[in-house]
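So the chains spell out like this:
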Amino acid sequence: MSVMKKLMTLLRGSVREIGETVVDTNATRIYEQEILDAKSSIAQAKDDLTGVMAKEMQSARQIERLQAEIERYEGLAVEALDKSQEALAEEVAGKVGGLEQELQEHIRAHAAYAVQVTRLKDLIKQAEGRIREHEREIGVAKTTESVYRATRSISENIGQGGSKLMSARESLDRIKQRHEDLSDRMTAAEQLNNEFGQHALEKKLAAVGVGEGAKRQRDVMARIRARQAAQGGDQPAEPGAQ
């Protein structure tokens, strides 16, 4: 019998752990839904509050109406007394008494409505403040969870040999190495072309002032100097020159 009890206890513990795991895994989602439910309740409370505020305004109008009625009937009672209508004045006084009783009921109701409106407004403001606080907390929690997931992903990827990130890094290094090899080959080919290509000999001759290019340069310079000398001979001699 004690074994069965232990098995049942173990089963309850397992169910509890599974339930806690499910709740923890979906904690953010559950938290967000609870906030949405709270917002819906506040919206309903605001709607109910408008009903109470409407009754408060209605009672205020009834108070104004009754006060006006009382004043009017008191005036009529005075007129009846002025005309020696004592019995009629008594009847009007009875009417005024009933109106005053009704007025007192409306005054009490209006005061109760005012207290309820103030209390409900305070409760709604407090609830909205708590919801804003919960929204800030869930925002921080979601951001923290994202950071943890990113950190765990990076740790899992770079913490193991042959991981995806390491493989990608090695591929990038190989690509860079190929680019460097290609650049070196292009530089070497250019050097070989300068040294052994078809224009290599002309470049060497030009470097020492031999060849067609050098001759053309000398001819051009000779022509420029001749032109300079001719222009100098055509200028008139300065006074006093021999």
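So, here is what we can say about the structure in this document.

**A short note on the overall build of the protein**
Then comes step 1: A tally of helices and strands in the protein yields six helices and zero strands.
Then comes step 2: Split into buried and exposed, the 242 residues of the protein put 11% on the buried side.
Then comes step 3: Taking as baseline every contact in the protein between residues at least 6 positions apart, the subset at least 24 positions apart corresponds to 74%.

**Observations regarding the pattern of salt bridges**
Then comes step 1: All told, the structure shown has four salt bridges when counted by the stated rule.
Then comes step 2: Salt-bridge contacts for Glu102 lead to Arg65; the nearest nitrogen and oxygen are separated by 3.7 Å. Within this pair, whereas Glu102 is found in helix α3 (residues 86-158), its partner Arg65 is found in helix α2 (residues 27-82), the two being separated by 37 residues in sequence.
Then comes step 3: Look at Arg65 and you get partly exposed, because its relative accessible area is 39%.
Then comes step 4: Note that Arg72 and Glu69 form a salt bridge whose closest N and O atoms lie 3.7 Å from each other. Taken together, the residues Arg72 and Glu69, both in helix α2 and three residues apart, mark about one turn of the helix.
Then comes step 5: On the accessibility criterion, Glu69 (23% relative accessible area) is partly exposed.

**Examining the packing of aromatic side chains**
Then comes step 1: Summed over the entire model, instances satisfying the criterion amount to zero aromatic pairs.
Then comes step 2: Lying across the ring of Tyr73, Arg72 places its NZ or CZ 4.6 Å from the centre.

**Structural notes on unusual backbone geometry**
Then comes step 1: A positive phi angle, near 60°, is found at Ser84, a position not held by glycine.
Then comes step 2: With respect to the helices and strands, the residue Ser84 is situated in the loop between α2 and α3.

**Thoughts on the environment of Tyr31**
Then comes step 1: Relative to the elements of secondary structure, Tyr31 occurs in helix α2.
Then comes step 2: Between the C-alpha atom of Tyr31 and that of His134, which follows or precedes it by 103 residues, the distance is 8.6 Å.
Then comes step 3: Non-local contacts of Tyr31, meaning those with residues more than four positions away in its chain, are made with His134, Glu137 and Ile138.

Calculation rules
- Residues numbered from 1 in each chain as written.
- Predicted model: local features only at pLDDT ≥ 70, side-chain atom pairs only at ≥ 80, totals over all residues.
- Heavy atoms only, no water.
- Helix = DSSP H or I, 4+ residues; strand = E, 2+ residues; numbered from the N terminus.
- Buried < 20%, exposed > 50% of the residue type's maximum accessible area, 1.4 Å probe, protein only.
- Contact = heavy atoms within 4.5 Å.
- Salt bridge = Lys/Arg side-chain N within 4 Å of Asp/Glu carboxyl O.
- Phe/Tyr/Trp six-rings, centres within 6.5 Å; stacked < 30°, edge-to-face > 60°.
- Lys NZ or Arg CZ within 6 Å of the ring centre and 35° of its normal.

Fair warning: the whole summary comes from geometry, so function is off the table for now.
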